[in-house]
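# Report on the structure
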Amino acid sequence: MQLKNYQLLKTSASNFSTSVLPCFRGKLNLRKQINYSFLNFYSNLSLRNQITSVLLCFRGKLNLRKQILLFLFATMFCGVSAQVPKSYTSAELLLQLKKLNVLGSVLYIAAHPDDENTRLLAYLANEKLYRTGYLSLTRGDGGQNLIGDEQGVDLGLIRTQELLSARRIDGAEQFFSRAFDFGFSKSPEEAMRFWGHDKILSDVVWVIRKFKPDVIITRFPTTGEGGHGHHTASAMLAGEAFDAAADPTKFPEQLTQGVTVWQAKRLLWNTFNFGGTNTQRDDQFKMECGDYNPILGKSYGEIAAASRSQHKSQGFGVPAQRGSVIEYFKTIKGSAPVNDLMDDVDLGWNRINASSLTNEVKKIIEKFEVEHPERSLLALTKLYKNVGEVKDEYWKNLKLNAVNDLIENCSGLFMDATSNTQFAVQGDSLKINLVVNNRSGANILSADAFLNDDYVIFDQLKKNVNSVQNYSIYIRPNAKITQPYWLENAMDKGSFNVTDQQQIGKAESDPMSVVFSMLVEGTEFKFRKPVRYKHTDPVKGELYQPVSIIPKLELNYAGDVFLAVNSKPVDIRTHIKANLNLPEVAAYTVTKQTSSKITNSNNPYVFKNGGMNKENYESSTFGFNAVDSDYTEQIRLQAGDGNNLFHQYKRTIEYDHIPSIVYFHDATAKLSRVDLKTEGNFVGYIPGAGDKVPDALIQMGYKVVTLKESDITAANLRQFDAIVTGVRAYNTNEWMNNVYDELMQYVKDGGVLLVQYNTSNQIGPVKAKISPYPFTISRNRITDEEAKVNFLLPDHPALNYPNKITQKDFEGWIQERSIYHAENTDTAYKKIFSMKDPGENEQDGSLIIANYGKGRFVYTGLVFFRELPAGVPGAYRLFANLIANNRSKYIK
């Protein structure tokens with residue numbers, strides 16, 4: 001009996017029984033065993049157990065066992081992505097039904113993406129069935145990026161989507177405040193000074209008043225054991241908000257926006273034992289959270305690992321955990337729990353005087369049929385009407401939404417609103433393909449779809465037949481472009497500015513959507529679906545992405561930073577793109593806005609007519625008037641036709657594990673005049689986690705070649721004046737150890753090797769030897785970007801050749817000075833700088849240099865990866881000195 005792997009790999013779960021089982025004609029018992037195992041497998045029960053049960057059917061048939069195993073893994077793991085619409089198994093529907101009878105909620109509060117205890121969130125949401133939320137004060141904008149070169153706001157957008165992906169796995173909800181992650185902070189006072197204490201406290205209070213948690217849990221204490229100023233600040237704000245949310249005199253303007261005061265029962269600190277700090281004590285309240293959930297087929301440690309592993313930009317992939325895990329809690333405010341986290345909280349319908357609904361839900365659960373969830377629809381529609389009679393608005397609305405979702409998911413309804421383009425242009429139309437399929441043949445008589453002020457009527461729905469309508473929606477010329485709500489207004493240094501109170505706290509902006517309306521068991525229900533761009537990738541299969549509204553004209557400079565070296569004029573290109581078929585007579589005046597210190601040619605100029613995707617590139621020469629020293633200015637670009645003004649362009653961020661991110665950035669760039677000397681001009685660059693340093697080197701006048709493992713040979717390296725490794729190159733490249741000898745020989749023969757920061761901890765271990773002489777990498781850093789820099793060796797070539805380095809070169813630095821300092825250094829190393837954060841001792845590990853043979857080795861934690869892309873003049877000069885290759889000048 002032969003089955004080809006190719007055939008098995010192409011077989012999907014939906015047609016397994018018709019495609020694979022015929023291979024076993026005449027073997028009825030075997031067919032039943034396989035069918036039973038696969039039904040369980042695709043009901044999302046224990047993966048390991050179900051694979052085992054299938055394979056046991058094939059004792060003695062080794063080749064066939066291997067082929068079936070390949071099929072299992074192919075169908076389980078191929079084509080799964082964050083962009084595919086969620087569908088629910090009967091097991092998950094049963095869990096949702098059980099949750100209807102639980103009226104309790106918990107809000108977890110911390111500072112960043114990844115701070116949350118995903119195991120606890122999963123346990124509370126799926127075992128205790130509480131409404132569970134995580135409030136992250138920031139979006140993680142200020143961290144390092146392990147998967148690309150995005151920083152700042154761009155990185156915050158990535159981490160927002162990673163958190164949403166994590167919540168889809170562990171079942172909790174996600175919230176944010178307006179706080180911006182400005183980088184590592186060593187004190188809560190600094191954090192709240194940057195954020196604005198009252199501003200962020202009001203956000204925490206707002207989320208509490210909207211969410212109405214019975215219990216609030218913090219990840220960190222107020223006493224500093226969390227290690228990060230943001231961590232401590234999050235606990236302090238949670239403590240203040242616990243009281244303020246119940247006080248009508250605090251932020252009273254919120255009480256006119258649809259919320260009421262709210263007093264949570266207790267505030268707990270979820271104590272921890274990690275990073276060498278153990279805050280857990282035997283006298284603290286304890287709770288087992290490592291249980292196995294047979295409905296989901298996973299333990300909460302397994303769910304937590306999958307959730308936490310969504311933090312890919314931080315390199316937080318973790319193994320699944322199984323077995324008992326105890327969580328510890330210290331009471332901070334309110335009454336202490338004795339027997340249960342929810343002591344003294346009524347978790348049933350009794351709390352809102354609707355006890356009759358308890359038995360009604362129980363009866364629906366008792367009669368729920370795994371193979372026919374649609375048979376619960378009649379009872380669910382009755383339940384919906386009864387829940388609508390509840391007087392408590394908060395729980396009524398929550399449970400109405402939950403029943404509405406159950407009716408959609410139990411019915412087997414498929415509703416889709418898709419476009420064949422990812423972008424809708426202001427002033428143009430968007431074609432939308434609307435599909436409704438009553439897959440189970442449930443009692444659903446009619447369907448409409450509402451788009452803006454119009455609607456579409458579908459033909460009578462037949463069992464498992466696609467009912468399709470095509471519709472063109474007009475995008476108004478003044479329609480808001482798609483922009484994350486927190487980026488709509490200019491931000492402050494430490495926080496975003498959001499003027500719409502209802503947006504504050506939300507994880508993301510609401511998408512363009514369609515409302516489907518239909519009669520289910522004689523009652524009208526409405527289901528909102530986002531309009532998405534659907535396409536098929538030949539490798540990944542069917543994919544969905546968000547649809548974005550874009551302006552009819554985009555414009556930008558061809559780069560973010562332009563460098564005028566020694567006052568040499570710079571050619572800068574502008575880019576204009578028409579997204580809409582513009583009339584032939586359309587003419588836009590394009591203006592490059594600068595101060596009087598900057599001159600540029602061809603300004604303004606006219607962009608004429610269009611045509612869809614009409615593009616124009618125009619070069620201008622920018623120079624300086626009477627500027628004799630370092631100077632940096634933000635230059636702007638705008639276009640207008642007398643009626644409309646355009647000044648933005650779209651940025652797209654794409655990674656497989658999150659939906660495509662589109663947002664709009666002002667058409668600005670930085671133009672920096674820098675007095676700069678270089679020695680040597682050919683640099684090899686070994687990429688790490690991702691940074692923009694190579695672009696900066698090119699603007700400085702170097703020729704840069706990206707090196708991969710096969711390029712690092714003794715013969716090839718001889719041509720380079722310097723080799724630079726990207727940030728965390730020794731954390732991310734497993735092969736660096738293979739080229740250690742070649743790199744050391746290159747240095748010994750007269751080359752310069754500059755290693756930018758790496759981490760050395762359980763998250764990002766160094767995977768190779770780095771240097772000719774030993775040193776270790778610490779977690780020490782200088783977070784004050786204005787910290788005084790002391791020159792320990794003022795005569796060292798690093799401070800004198802080819803550029804004279806002075807205190808002025810450390811002006812204008814952003815976010816921080818340095819991270820992951822060297823320590824325990826060999827005596828061969830020279831330490832060049834010392835600096836300190838307020839209230840701390842001097843640190844001298846930010847830059848170490850050692851001569852080795854005829855060449856030079858440099859390790860630095862100075863954040864060149866931030867300063868060079870920001871156009872900081874002194875950073876260019878110092879970096880040029882560090883990679884200068886003139887042995888007679890340098891070796892001392």
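Our structure is the block above this text.
What comes next concerns the included structure. (Residues numbered from 1 in each chain as written. Predicted model: local features only at pLDDT ≥ 70, side-chain atom pairs only at ≥ 80, totals over all residues. Heavy atoms only, no water.)

When helices and strands are tallied, the protein chain shows 22 helices and 45 strands. Going through the 892 residues of the protein chain one by one, you find that 55% of them count as buried. In the protein chain, 73% of the contacts between residues at least 6 apart in sequence involve partners at least 24 apart. Within the structure as shown, the protein chain displays about 38600 Å² of accessible surface, and the carbon and sulfur contribution to it stands at 48%. (Helix = DSSP H or I, 4+ residues; strand = E, 2+ residues; numbered from the N terminus. Buried < 20%, exposed > 50% of the residue type's maximum accessible area, 1.4 Å probe, protein only. Contact = heavy atoms within 4.5 Å. Areas by Shrake-Rupley, 256 points an atom, 1.4 Å probe, with all protein chains shown as cover.)

Tallied over the full model, the rule gives three cavities of 30 Å³ or more. Space inside the largest cavity adds up to approximately 60 Å³. Around the largest cavity, the lining residues are G143, Q144, N145, G148, D149, E150, Q151, A689, G690, V727, Y757 and F865. Each residue belonging to the lining of the largest cavity can be placed in one class, and the counts come to four nonpolar, six polar and two charged. (1 Å grid on protein atoms, 1.4 Å probe; cavity = no way out; pocket = protein on both sides within 12 Å on 5 of 7 lines; lining within 4 Å. Points joined across faces, edges and corners; volume = space filled by probe spheres on them. Nonpolar A, V, L, I, M, F, W, Y, C, P; charged D, E, K, R; others polar.)

Okay, a nonpolar patch on the surface next. Taken together, the side chains of F450, Y455 and I457 define a hydrophobic patch exposed on the protein surface, amounting to about 290 Å² of accessible area. Mapped onto the elements of the fold, I457 is located in strand β16 (residues 454–457). (Patch = residues over 30% accessible without salt bridge, like charges linked within 9 Å, V, L, I, M, F, W, Y side chains within 5 Å. Salt bridge = Lys/Arg side-chain N within 4 Å of Asp/Glu carboxyl O.)

Okay, the side chain of K199 next. Inspection of the secondary structure assignment puts K199 in helix α10 (residues 197–211). Here K199 falls in the buried class, since its relative accessible area comes to 18%. For K199, the side chain forms a polar contact with the side chain of N497, separated by 2.7 Å. When near neighbours in sequence (up to four residues on either side) are disregarded, K199 contacts R178, D492, S495, F496 and N497. (Polar contact = N/O pair within 3.5 Å; in protein donor to acceptor, adjacent residues only side chain to side chain.)

Another aspect to go through is unusual backbone geometry. Following Y801, the chain continues into P802 via a peptide bond in cis, with omega recorded as -5°. Examined against the element boundaries, P802 turns out to sit in the loop between β40 (790–791) and β41 (822–823). In this model, L129 sits at a positive phi of 65°, which is unusual for a non-glycine residue. Its location among the elements puts L129 in the loop between α7 (118–126) and β2 (131–136).

Right, let's get into α7. The periodicity of an α-helix, 3.6 residues per turn, causes residues three or four places apart in sequence to face the same way. Across the nine residues of α7, nine count as buried, placing the element largely inside the fold. Along α7, the residues classified as buried are T118, R119, L120, L121, A122, Y123, L124, A125 and N126. For α7, the side-chain oxygen to backbone nitrogen distance between the N-cap and R119 is 3.2 Å, and the N-cap itself is N117.

Turning next to the pattern of salt bridges. Two side chains that carry opposite charge are able to pair once their charged atoms sit near each other. What the rule picks out here adds up to 34 salt bridges. Where K506 meets D510, a salt bridge forms, and the shortest distance between an N and an O atom there is 2.9 Å. Look at D510 and you get exposed, because its relative accessible area is 59%. Taken together, the shared-partner salt bridges connect D416, R532, K534 and E542 into one network.

Now for the environment of A246. Looking at the element boundaries, A246 is found in the loop between α11 (229–244) and β5 (266–271). Since its relative accessible area comes to 26%, A246 is described here as partly exposed. In this structure the C-alpha to C-alpha distance between A246 and V205, which are 41 residues apart in sequence, comes to 8.9 Å. Those residues in contact with A246, other than ones at most four positions away along the chain, are V261, W262 and Q263.

Glancing now at the packing of aromatic side chains. Scanning all chains against the criterion turns up 30 aromatic pairs. Ring centres of F775 and F857 lie 6.4 Å apart, and the angle between their planes is 45°; this geometry places the pair in the tilted category. One end of the pair, F775, is in the loop between β38 (752–756) and β39 (776–777); the other, F857, is in strand β45 (residues 855–860), and 82 residues separate them in sequence. The burial state of F775 is the same as that of F857; both residues are buried. Here a set of aromatic residues connected by ring pairs shows up, and it is made of Y773, F775, Y829, Y852, F857 and Y859. (Phe/Tyr/Trp six-rings, centres within 6.5 Å; stacked < 30°, edge-to-face > 60°.)

For the rest of this paragraph, the subject is the environment of M744. Locating M744 in the fold gives a position in helix α19 (residues 740–748). The class of M744 is buried, set by a relative accessible area of 7%. For the pair M744 and Y852, spaced 108 residues apart in sequence, the C-alpha to C-alpha distance is 8.5 Å. Among all residues touching M744, those that are not within four sequence positions of it are L753, I770, S771, P772 and Y852.

Here we come to the packing of α7 against helix α12 (residues 300–308). Taken N-terminus to C-terminus, the directions of α7 and α12 make an angle of 120°; their axes are 8 Å apart at the nearest point. Classed by the angle they form, the pair α7 and α12 counts as oblique. Both α7 and α12 take part in a crossing whose hand is right-handed. On the side of α7, the interface is formed by T118, R119, A122, Y123 and N126, while α12 contributes Y300, G301, I303, A304, S307 and R308. Along the lines of polarity and charge, the residues of the contact of α7 with α12 split into five nonpolar, four polar and two charged. (Axes fitted to C-alpha atoms, helices over the stretch in contact; angles between N-to-C directions. Parallel < 35°, antiparallel > 145°, perpendicular 65-115°, else oblique. Left-handed = near helix turned anticlockwise from the far one by under 90°.)

This brings us to the sheet that holds strand β3 (residues 173–176). One key point about sheets: their strands pair by backbone hydrogen bonds, in either a parallel or an antiparallel sense. The strand order across the open sheet formed by seven strands is β3-β2-β1-β4-β5-β11-β8, and the pairing between neighbours is mixed. Bordering the open sheet on either side are β3 and β8 (285–288), each of which pairs with just one other strand. Taken pair by pair, the neighbouring strands of this sheet meet at an average axis angle of 30°, ignoring direction. With four bridges connecting them, β8 and strand β11 (residues 326–334) associate as antiparallel partners. Paired with E288 across the bridge in β11 is I326. (Pairing = 2+ DSSP bridges.)

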